[in-house]
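Listed here are the chains, written in short residue letters.
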Amino acid sequence: SKGMRLVRLQKGFSAEFENAPITMDELISVVGTGPVTLVLVDALSVGAKPTCARLWTSSLRRTQQTAMYIQHPNIELPGGGPWEQMSHRIYRNLDEVYAGEFEGLTYDEVKRRA
């Protein structure tokens, strides 16, 4: 099949990633209505030889905290040199710019307004 495949998830703000459920019904049952971080991969690349990749995040604290749990294995480049996979790069331009009427509110304040 083509497209992306869900492989791992992190429920809420816990530090532990876990294997993702197979069906959408299982996913909804596991996640509920809370926040979740999903890890998707290109379905065609599953089981394929590693491709050089970097980890890009915003400068927000929650993205830095999530990035701490992503491994950085070394792989060998086709020419024989080393590559640190998922080496972390921080880009402020990935930060949230404007949340409209919810800008600056806590999650509880957003819930009360919704």
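In case you missed it, the structure is sitting above this.
A short tour of the structure in this document, coming up. Just so it is clear, the structure is predicted and the values come from calculations on it, not from any experiment.

1. A look at the overall build of the protein chain
Thought 1: A tally of regular secondary structure across the protein chain gives 3 helices and 7 strands.
Thought 2: Counting from the amino terminus, helix and strand elements in the protein chain follow one another as β-β-α-β-β-α-β-β-β-α.
Thought 3: The long-range share in the protein chain, meaning contacts at least 24 apart out of those at least 6 apart in sequence, stands at 58%.

2. Remarks on the side chain of Ser87
Thought 1: One can find Ser87 in strand β7 (residues 87-90).
Thought 2: Classification of Ser87 by relative accessible area gives buried; the value is 10%.
Thought 3: One polar contact links Ser87 to Arg89, side chain to side chain, over a distance of 2.9 Å.
Thought 4: Excluding anything up to four places from it in sequence, Ser87 contacts Ala53, Arg54, Leu55 and His72.

3. Some details on a nonpolar patch on the surface
Thought 1: A surface patch of nonpolar side chains, about 350 Å² in accessible area, is lined by Met4, Val36, Leu38 and Leu40.
Thought 2: With 3 residues, the top contributor of residues to the nonpolar patch is strand β3 (residues 36-42).
Thought 3: Tracing the chain through its elements places Leu40 in strand β3.

4. Remarks on the environment of Pro35
Thought 1: Positionally, Pro35 belongs in the loop between α1 (24-31) and β3.
Thought 2: For the pair formed by Pro35 and Phe13, sequence separation is 22 residues and the distance between their alpha carbons is 7.6 Å.
Thought 3: Apart from the residues within four sequence positions on either side, Pro35 is in contact with Gln10, Lys11, Gly12 and Phe13.

5. A closer look at the packing of aromatic side chains
Thought 1: Scanning the entire structure with this criterion turns up 1 aromatic pair.
Thought 2: Its end group placed over the ring of Trp83, Arg54 keeps NZ or CZ at 3.8 Å from the ring centre.

6. Thoughts on the side chain of Gln85
Thought 1: Tracing the backbone shows Gln85 in the loop between β6 (82-84) and β7.
Thought 2: At 3.0 Å, the side chain of Gln85 forms a polar contact with the side chain of Trp83.
Thought 3: In this structure, Gln85 is in contact with Pro50, Thr51, Cys52, Ala53, Gln71, His72, Pro73 and Ile75, ignoring residues within four places of it in sequence.

7. Brief notes about the sheet that holds β3
Thought 1: Spatially, β2-β1-β3 is the arrangement adopted by the 3 strands of the open sheet, whose pairing is antiparallel. Single-partner strands in this sheet number two, and they are β2 (18-19) and β3.
Thought 2: Pairing geometry for strand β1 (residues 4-11) and β3, over 7 bridges, is antiparallel. Paired with Gln10 across the bridge in β3 is Thr37.
Thought 3: Packed on one face of the sheet, α1 meets β1, β2 and β3 and runs near 15° to β1.

Rules behind the numbers
- Residues numbered from 1 in each chain as written.
- Predicted model: local features only at pLDDT ≥ 70, side-chain atom pairs only at ≥ 80, totals over all residues.
- Heavy atoms only, no water.
- Helix = DSSP H or I, 4+ residues; strand = E, 2+ residues; numbered from the N terminus.
- Contact = heavy atoms within 4.5 Å.
- Buried < 20%, exposed > 50% of the residue type's maximum accessible area, 1.4 Å probe, protein only.
- Polar contact = N/O pair within 3.5 Å; in protein donor to acceptor, adjacent residues only side chain to side chain.
- Patch = residues over 30% accessible without salt bridge, like charges linked within 9 Å, V, L, I, M, F, W, Y side chains within 5 Å.
- Areas by Shrake-Rupley, 256 points an atom, 1.4 Å probe, with all protein chains shown as cover.
- Salt bridge = Lys/Arg side-chain N within 4 Å of Asp/Glu carboxyl O.
- Phe/Tyr/Trp six-rings, centres within 6.5 Å; stacked < 30°, edge-to-face > 60°.
- Lys NZ or Arg CZ within 6 Å of the ring centre and 35° of its normal.
- Pairing = 2+ DSSP bridges.
- Axes fitted to C-alpha atoms, helices over the stretch in contact; angles between N-to-C directions.

Structural measurements only, silent on function.
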